[in-house]
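Overview (structure and organization)
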Amino acid sequence: MGMAGWHLSRNKVLFFSCALFITLAVGVHLTPFFPSISNFLYKSSSISDSSLPTGTTSSSVIRDSCIFSLHSVLIYKSDYSECVDDAIDSNSDSGCKKMSWKWKQSGSVANCGFQRLKKPDVSVLLNGSWVVVAGDSQARLMVVSLLELVLGSDGMKKIRGDLFKRHSDYSTTVDEIGMKLDFMWAPYVRNLTNLMMKFKENKDYPDVILMGAGLWDMLHVNNASEYGVSLSALKDSVLSLLPVFRNVDSIDRETSESAWIRSPHLFWLGMPVLINSMLNTEEKRERMNDVMCNAYDDEVSRTKILRQSGGPLLKLDIRWLSDLCGTQCTVDGMHYDGVVYDAAVQIMLNALLLESNQKAR
Ligand SMILES: *[C@@H]1O[C@H](CO)[C@@H](O)[C@H](O)[C@H]1NC(C)=O
Ligand SMILES: *[C@@H]1O[C@H](CO)[C@@H](O)[C@H](O)[C@H]1NC(C)=O
Ligand SMILES: *[C@@H]1O[C@H](CO)[C@@H](O)[C@H](O)[C@H]1NC(C)=O
């Protein structure tokens, strides 16, 4: 798996030369190989090399604005045809209550050409790669959405039981595309930090790391400032993971490119909106209140762990998405219907496309 990063990148080259070539051609041709994360790296590292591009070329502006437009989605009641499809799928006769989502079609978002990837696309994109999802129950729901996309809903049904063994890890390899997926139960931020250290120790890095923890901490520790302390430690451990960050003395295009190819794509899974009156225990209603939720979120901003604030992780904003979906999309005020995580998975995949765009050249 040490070379897994190569697979991801090489496949993206293939990918761009077929399915998405036309819609993403703008990005492919206009942008240099320079990855978006570079802005952050050069700002926050001691590396200074005046020969480096500053990352402010028009193309990187386009790419960055697309990265930050990824959450411009609508969630709405499924229209008739979507409902019919769904009824056939699930044999449900409960009427049409399902929600759907799509990207907004306004100018700047439309220009980014986001694509809802289907199974064949995802198979190519993730072929030969190692994906790690770590965190609490939200992270597990992301795994469900991702695997449903890759395996289809029938394939997913077969493994659902294993995946949902309480508080356990889950690993699978999707043979037809050689994708390895590990779910790590990591309810505390400290668990995520340990995981980062393990990757570093083994010198074995996933291609994609999606992580997030907070709900469990809020319920069991309930101390936002301690949460912030763990987030800072996590940020340090993530920064120390990025091999290219440390080992590059003189960056020339060739070496930096191959180094970049091997650094993982990093995502943070944000917390959902908690609907207090729907939470299913008294303890939850008391501890997981709005004030505490905001305090936890504030720590995420304050510690600048997110790309949005110059950090290493791109946030998948579950709070935003779950808020769009609203109370009709949750039964326990905390875990939302598939549509929320489906949208988040597609946002992640499109972020991978945007980033690999840079790397694939
Ligand atoms: C995955 O990659 C392998 C090796 O490059 C290739 O043989 C296979 O056809 C690919 N599968 C998909 C679904 O792209
Ligand atoms: C997560 O961290 C907690 C607190 O440090 C620890 O007690 C627990 O064993 C860890 N869990 C895992 C799965 O590593
Ligand atoms: C939160 O943790 C900090 C540091 O451990 C401690 O000083 C503070 O009193 C705690 N706050 C609450 C409300 O327990």
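Now for a description of the structure that goes with this document. Not measured: the values here are computed from a predicted model.

On to the environment of Val143. Topologically, Val143 is positioned in helix H8 (residues 137–163). The residues contacting Val143, other than those within four sequence positions of it, are Val133, Leu163, Leu181 and Phe183.

Take the state of the cysteines next. In the structure shown here, the tally under the stated rule is 2 disulfides. In this model, Cys66 is linked to Cys112 through a disulfide, with the two sulfur atoms separated by 2.1 Å. Handedness here is read from the sign of the S-S torsion; for Cys66 and Cys112, about -95 degrees, the answer is left-handed. Of the two residues, Cys66 is situated in helix H4 (residues 58–67) and Cys112 in helix H6 (residues 107–112); the sequence distance between them amounts to 46 residues. Judged by relative accessible area, Cys66 falls into the buried class, the value being 5%. Note that Cys325 is cross-linked by a disulfide to Cys329, the S-S spacing being 2.0 Å. Across the S-S bond of Cys325 and Cys329 the torsion is about -70 degrees, and the bridge reads as left-handed. Using a relative accessible area of 1% as the deciding quantity, one classes Cys329 as buried.

For ligand 3, the full set of nearby residues is Asn223, Ser225 and Glu226. Asn223 is positioned with one of its side-chain polar atoms (N or O) 2.2 Å from an oxygen atom of ligand 3. Glu226 is positioned with one of its side-chain polar atoms (N or O) 2.9 Å from an oxygen atom of ligand 3. Relative to its unbound accessible area of 360 Å², ligand 3 is 26% covered by the protein chains.

Leu126, Leu147, Met179, Phe267 and Leu349 are the most contacted members of the largest nonpolar core, which has 61 residues in total. The element that contributes the greatest number of residues to this core is helix H17 (residues 338–360), accounting for 13 residues. Grouped together as the second largest cluster of nonpolar side chains are 38 residues, Ala186, Met196, Ala213 and Met271 included.

The strand order across the open sheet built from 6 strands is S4-S5-S3-S6-S7-S8, with neighbouring strands paired in mixed fashion. Looking at the sheet topology across the chains shown, the edges are occupied by strand S4 (170–174) and strand S8 (314–316). Across this sheet, the average inter-strand angle for adjacent strands is 20 degrees, counted without regard to direction. Of the strand pairs in this sheet, strand S3 (residues 130–135) and strand S6 (residues 208–212) are connected by 5 bridges, and their pairing is parallel. Looking across to S6, one finds that Val133 is bridged to Leu210.

Another aspect to go through is the packing of aromatic side chains. Going through the model one piece at a time under the given rule, you end up with 5 aromatic pairs. Seen in terms of ring centroids, Trp101 and Trp103 are 4.9 Å apart; in terms of plane orientation they differ by 75 degrees. Their pairing is edge-to-face. In this structure, Trp101 and Trp103 share a single accessibility class: buried. Measuring from centroid to centroid gives 5.8 Å for Trp130 and Phe199, while their planes differ by 85 degrees, and the two rings are edge-to-face. In this pair, Trp130 is assigned in strand S3 and Phe199 in helix H9 (residues 189–202), connecting sequence segments 69 residues apart.

Definitions and cut-offs
Residues numbered from 1 in each chain as written. Chains lettered and ligands numbered in written order. Predicted model: local features only at pLDDT ≥ 70, side-chain atom pairs only at ≥ 80, totals over all residues. Heavy atoms only, no water. Helix = DSSP H or I, 4+ residues; strand = E, 2+ residues; numbered from the N terminus. Contact = heavy atoms within 4.5 Å. Disulfide = S-S within 2.5 Å. Buried < 20%, exposed > 50% of the residue type's maximum accessible area, 1.4 Å probe, protein only. Near = heavy atom within 4 Å. Polar contact = N/O pair within 3.5 Å; in protein donor to acceptor, adjacent residues only side chain to side chain. Areas by Shrake-Rupley, 256 points an atom, 1.4 Å probe, with all protein chains shown as cover. Core = buried A, V, L, I, M, F, W, Y, C linked by side-chain atoms within 4.5 Å. Pairing = 2+ DSSP bridges. Axes fitted to C-alpha atoms, helices over the stretch in contact; angles between N-to-C directions. Phe/Tyr/Trp six-rings, centres within 6.5 Å; stacked < 30°, edge-to-face > 60°.

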